[in-house]
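A structural walkthrough
Each chain, written out:
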Amino acid sequence: EDQVTQSPEALRLQEGESSSLNCSYTVSGLRGLFWYRQDPGKGPEFLFTLYSAGEEKEKERLKATLTKKESFLHITAPKPEDSATYLCAVRTSSNTGKLIFGQGTTLQVKP
Amino acid sequence: SQTIHQWPATLVQPVGSPLSLECTVEGTSNPNLYWYRQAAGRGLQLLFYSVGIGQISSEVPQNLSASRPQDRQFILSSKKLLLSDSGFYLCAWKGESNQPQHFGDGTRLSIL
C-alpha cells in the first residue's frame, strides 16, 4: 500500500535556528513528490515538485531534496512568518493526478 | 491566470439536513478536479476526483456524493448530514500532465 509519513509532527524553532522536515514514502511508482504550505484556515499553497532522486529545489529560505525513499524540506534561518503546517504528498498516477498526503509537520518559529 | 473559488467559507448545519458545496475554476479548461476533507490536525483525505464533465470517481465509501455539471464546476452534496461529516472541505484543480494541484481556501463545515 502506498504510504507517506512526515516527521516530526510538530517543530518549534527560534528565529534563525535552521532545521529540516522529513517526508518518507513507500509507493509503487513515483510520479512526483509535492511540498505544500498551509496556514490556519486556508487551503494548501504549492511550494515545490520533485521528480527524481538527487533533485533539489529552492525558494527563499526553503530547500527541498529527494532521495529514493524520502524527501527533506530544509529551512535556513527561519523567520516567524515561516510558521505554518508543511504538507508532503506523492503522486503515483499521471492520468488521474491523485495525491497521497502525509499528516503534515506544524512549524512554529518564535522571535 | 487561473483561480479557484469555494463557497461558503463556513457553514453550520443540523444533523439530517442536506448539503451543497460548490467549487469553480477560472482561467483554464478541462481541469482535473478534486474534493478533499481534512480533519483537525490531520492530512488531506481524497473524497472524489473528476477527469471530465460527468466523470466522478469516489475514493472512500461515505455519506457524500459529487457532481460535475460543467467543465469548471465541481459540487459536493449530501442528502442527510451526519455528525461525522464535520470537517474542513477543500477543492483542488490540476492542469495538464504532471502539474501540481492548486487548492481553494476551503469550507469549514460544522454539524450540530
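Here we summarise the structure given alongside this text. For every chain, the first residue of its written sequence is number 1, and the numbers climb from 1 along that sequence. Chains carry letters and ligands carry numbers; both start at the beginning, A for chains and 1 for ligands, and go up in the order they are written. Reporting in this predicted model follows two pLDDT cut-offs: at least 70 for local features of residues, and 80 or more for side-chain atom pairs to be given and counted; totals over whole chains, interfaces and linings ignore these cut-offs and use all residues. Excluding hydrogens and water, the side-chain figures rest on all heavy atoms present in the structure.

A few words now on the packing of aromatic side chains. Within a pair of aromatic rings, the relevant descriptors are the distance that separates the centres and the angle that separates the planes. Ring pairs shown here join Phe, Tyr and Trp side chains whose ring centres sit within 6.5 Å, with only the six-membered ring taken for Trp; geometry is labelled stacked below 30 degrees between planes, edge-to-face above 60, and tilted in between. Per the stated rule, a full pass over the model turns up 9 aromatic pairs over all chains. A ring pair is formed by Tyr36 of chain A and Phe46 of chain A, whose centres lie 5.9 Å apart and whose planes are at 70 degrees; its orientation type is edge-to-face. Here the residue Tyr36 of chain A occupies a position in strand S4 (residues 33-38), and Phe46 of chain A occupies one in strand S5 (residues 45-50), the gap between them amounting to 10 residues. Each residue's exposure class comes from its accessible area (1.4 Å probe, protein chains only) as a fraction of the maximum for that residue type: buried when under 20%, exposed when over 50%, partly exposed otherwise. What makes Phe46 of chain A partly exposed here is its relative accessible area of 24%. Plain terms: the ring middles of Tyr36 of chain B and Phe103 of chain B are 5.4 Å apart, the flat faces sit at 45 degrees to each other, and that makes the pair tilted. Of this pair, Tyr36 of chain B sits in strand S4 (residues 32-38) while Phe103 of chain B sits in strand S10 (residues 102-103), placing them 67 residues apart in sequence. Looking at Phe103 of chain B, the relative accessible area reads 9%, which means it is buried. What links up through ring pairs into an aromatic cluster is the set Tyr36, Phe46 and Phe101 of chain A together with Tyr34, Tyr36, Tyr49 and Phe103 of chain B. In DSSP terms, a helix is any run of H or I states spanning at least four residues, a strand is any run of E spanning at least two, and both are numbered starting from the N terminus.

Before going further, it helps to examine the sheet that holds strand S6 (residues 56-59) of chain A. All names here are of chain A. Strand pairing is assigned whenever DSSP identifies at least 2 bridges connecting the two strands. The 5 strands lie next to each other as S1-S3-S8-S7-S6, forming an open sheet whose pairing is antiparallel. Each edge of the open sheet carries a strand with a single partner, namely strand S1 (3-7) and S6. Going from strand to strand, the sheet's axes swing by 15 degrees on average, the running direction of each strand aside. Bridge count for S1 against strand S3 (residues 19-26) is 5 bridges, and the pairing is antiparallel. Across the sheet, residue Gln6 finds its bridge partner in S3, namely Cys23. Throughout, an axis means a line fitted to C-alpha atoms (over the contacting stretch in the case of helices), and angles, computed between N-to-C directions, take values from 0 to 180 degrees.

For the rest of this paragraph, the subject is the state of the cysteines. Whenever a pair of cysteine sulfur atoms sits within 2.5 Å, that pair is classed as a disulfide. This model, assessed by the stated rule, comprises 2 disulfides over all chains. What pairs with Cys23 of chain A in a disulfide is Cys88 of chain A, and their sulfur atoms sit 1.9 Å apart. Its S-S torsion of about -55 degrees marks the bond between Cys23 of chain A and Cys88 of chain A as left-handed, since a negative value means left-handed. Within this pair, whereas Cys23 of chain A is found in strand S3, its partner Cys88 of chain A is found in strand S9 (residues 84-91), the two being separated by 65 residues in sequence. Judged by relative accessible area, Cys23 of chain A falls into the buried class, the value being 0%. By relative accessible area, Cys88 of chain A is classed as buried at 0%. With a sulfur-sulfur separation of 2.0 Å, Cys23 of chain B is cross-linked through a disulfide to Cys91 of chain B. Because the sign of the S-S torsion sets the handedness, a value of about -75 degrees for the bond joining Cys23 of chain B and Cys91 of chain B places this disulfide among the left-handed ones.

In this structure, the amide linkage connecting Ser7 of chain A to the following residue, Pro8 of chain A, adopts the cis form with an omega of -10 degrees. By the element assignment, Pro8 of chain A lies in the loop between S1 and strand S2 (10-14). Each neighbour pair has its own omega, and for Trp7 of chain B with Pro8 of chain B the value is 0 degrees, a cis peptide bond. Topologically, Pro8 of chain B is positioned in the loop between strand S1 (3-7) and strand S2 (10-13). In this structure, Glu60 of chain A is a non-glycine residue whose phi angle is positive, near 55 degrees. Here the phi dihedral of Ala77 of chain A falls at roughly 45 degrees; this positive angle occurs in a residue that is not glycine. The topology assignment puts Ala77 of chain A in the loop between strand S8 (70-75) and S9.

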